[in-house]
Amino acid sequence: QSFYINRMDVTNLAKFFDSSTKSLPPTDVKFLFKEADGIKEVKAHKMILAFASDVFNTEFFGSMTSEEEVVITDATHEVFQTMIWCIYNIEIKWRDYDFVYLSSLYYLAEKYNVENLRTKIIASIPEHQVTKDNVIDVITLAEDNLHHEPLSEALFDAAANFMKTDHEGKYDRCLAWFTEKNAVHAVQIFKVMEKVKRLGDGDAPATYWNCHRCLYGFLESEMFDSGRYGLLCRGCL
């Protein structure tokens, strides 16, 4: 006997959040959030969440007794609500959310294994603007999310594309980011520079970028004290 499983039709799911639509099945699970301005909640349907996520499926229809109220402590009400909207196929304007918000949302997509949401978040990263004011924050966020490799790489790529465009791929200009102010981020910046090199037109000097010994020779130099770009490691001289 053969069994055929069809993908759930999600085109009409958004109507489940439309209060004007009548005769809809009532929600049967409530997620609670304790925030500064009080207790907030997100309501949903267990069956719909279970179709979207094997984690929700196990939580609601596994061997354990399913709860009607679930307290969430590792996400904000707003971010969790966005995940639920995505599951219900409600249109999301991704450019309205900054990189930090998207990173928090990706954490939930990873936790609950919502593959479609992960894909949409990664696809939205290049649409967001990286500037001189936030590039270091983007690089740091990428480093903080190394355990979420697709997200981390997308953030590093966004920073690298900015550096290449803003500095026209010129490494002498990119090196200006290695200042005393940004010394703590030097390793992350170096990773971005490696990506810029791959995006660039081959004008990168071999000295700093060929091996990790160059990086350490570079970072251990007097650059941050004297403003010079320091010594090269012997491995690439």
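Please refer to the structure higher up on the page.
Residues numbered from 1 in each chain as written. Predicted model: local features only at pLDDT ≥ 70, side-chain atom pairs only at ≥ 80, totals over all residues. Heavy atoms only, no water.

**Quick word on the overall build of the protein chain**
So, point 1. On a plain count of helices and strands, the protein chain comes out with twelve helices and three strands.
So, point 2. When the 237 residues of the protein chain are sorted by exposure, 40% land in the buried category.
So, point 3. Of the roughly 14200 Å² of accessible surface on the protein chain, a fraction of 50% belongs to carbon and sulfur atoms. (Helix = DSSP H or I, 4+ residues; strand = E, 2+ residues; numbered from the N terminus. Buried < 20%, exposed > 50% of the residue type's maximum accessible area, 1.4 Å probe, protein only. Areas by Shrake-Rupley, 256 points an atom, 1.4 Å probe, with all protein chains shown as cover.)

**Quick notes on a nonpolar patch on the surface**
So, point 1. A contiguous nonpolar patch, built from Met47, Phe51 and Phe61 and spanning about 340 Å² of accessible area, is present on the exposed surface.
So, point 2. Counting through the fold element by element, Phe61 comes out in helix α2 (residues 54-61). (Patch = residues over 30% accessible without salt bridge, like charges linked within 9 Å, V, L, I, M, F, W, Y side chains within 5 Å. Salt bridge = Lys/Arg side-chain N within 4 Å of Asp/Glu carboxyl O.)

**What to know about the nonpolar core**
So, point 1. Counting 51 residues, the largest nonpolar core has Phe31, Leu49, Phe56, Phe80, Met83 and Leu117 as its most contacted members.
So, point 2. It is helix α7 (residues 149-166) that provides the largest number of residues to this core, a total of nine residues.
So, point 3. Beyond its immediate sequence surroundings of up to four residues, Leu117 is in contact with Met83, Cys86, Trp94, Leu105 and Ala109. (Core = buried A, V, L, I, M, F, W, Y, C linked by side-chain atoms within 4.5 Å. Contact = heavy atoms within 4.5 Å.)

**Some points on the pairing of strand β2 (residues 38-44)**
So, point 1. Where strand β1 (residues 29-35) and β2 come together, seven bridges link them in antiparallel fashion. Within β2, the residue paired with Phe31 across the bridge is Val42.
So, point 2. Where β1 hands over to β2, the hairpin turn is made up of two residues, counted between the paired strands. (Pairing = 2+ DSSP bridges.)

**Focus: the sheet that holds β2**
So, point 1. The three strands lie next to each other as β2-β1-β3, forming an open sheet whose pairing is mixed. With one partner strand each, in any of the chains shown, β2 and β3 (69-71) form the two edges of the open sheet. Strand-to-strand twist of the sheet, defined as the mean angle between neighbouring strand axes without regard to direction, takes the value 25 degrees.
So, point 2. In the sheet, β1 pairs with β3 via three bridges, with the strands oriented parallel. Residue pairing for β3: Lys30 is matched across the bridge by Glu69.
So, point 3. Sitting on the sheet, helix α3 (residues 77-87) touches β1 and β2, and the angle it makes with β2 is about 5 degrees. (Axes fitted to C-alpha atoms, helices over the stretch in contact; angles between N-to-C directions.)

**Things to note about the side chain of Ser53**
So, point 1. Mapped onto the elements, Ser53 comes out in the loop between α1 (46-52) and α2.
So, point 2. Reaching out from Ser53, the side chain makes a polar contact with the backbone nitrogen of Val55 at a distance of 3.1 Å.
So, point 3. For Ser53, the side chain forms a polar contact with the main-chain oxygen of Tyr112, separated by 2.5 Å.
So, point 4. Look past the residues within four positions of Ser53 in its chain and what remains in contact with it is Tyr112, Asn113 and Val114. (Polar contact = N/O pair within 3.5 Å; in protein donor to acceptor, adjacent residues only side chain to side chain.)

**What about the environment of Glu153?**
So, point 1. Structurally, the position occupied by Glu153 is in helix α7.
So, point 2. Judged by its relative accessible area of 26%, Glu153 falls in the partly exposed class.
So, point 3. In this structure the C-alpha to C-alpha distance between Glu153 and Val192, which are 39 residues apart in sequence, comes to 9.9 Å.

**Some details on the pattern of salt bridges**
When the charged atoms of two side chains with opposite charge come close together, those side chains can pair.
So, point 1. Under the criterion given, the structure shown has seven salt bridges.
So, point 2. In this structure, Lys111 engages Asp74 in a salt bridge whose closest nitrogen and oxygen atoms are separated by 2.8 Å. Taken as a pair, Lys111 in helix α4 (residues 99-111) and Asp74 in the loop between β3 and α3 lie far apart in primary sequence, 37 residues in all.
So, point 3. The exposure class of Asp74 is partly exposed, given its relative accessible area of 31%.
So, point 4. A single network of salt bridges, built from pairs that share partners, joins Lys30, Glu41, Lys43 and Glu69.

**A few points about unusual backbone geometry**
When glycine is set aside, most residues are seen to have a negative phi, and most peptide bonds are trans.
So, point 1. Phi at Asn89 is positive, roughly 65 degrees, even though this residue is not glycine.
So, point 2. By relative accessible area, which is 33% here, Asn89 ends up partly exposed.
So, point 3. Positive phi is not limited to glycine here, since Asn113 has a value of about 55 degrees.

**Concerning the packing of α4 against helix α5 (residues 115-124)**
So, point 1. It is the contact of α4 with α5, at a shortest axis distance of 9 Å, that shows an interaxial angle of 155 degrees. The orientation of α4 relative to α5 falls into the category roughly antiparallel. When you trace α4 past α5, the crossing you get is left-handed. Two secondary-structure elements touch here, α4 through Leu102, Leu105, Tyr106, Ala109 and Glu110 and α5 through Leu117, Arg118, Ile121, Ile122 and Ser124.
So, point 2. Taken together, the residues of the contact of α4 with α5 break down into seven nonpolar, one polar and two charged. (Parallel < 35°, antiparallel > 145°, perpendicular 65-115°, else oblique. Left-handed = near helix turned anticlockwise from the far one by under 90°. Nonpolar A, V, L, I, M, F, W, Y, C, P; charged D, E, K, R; others polar.)

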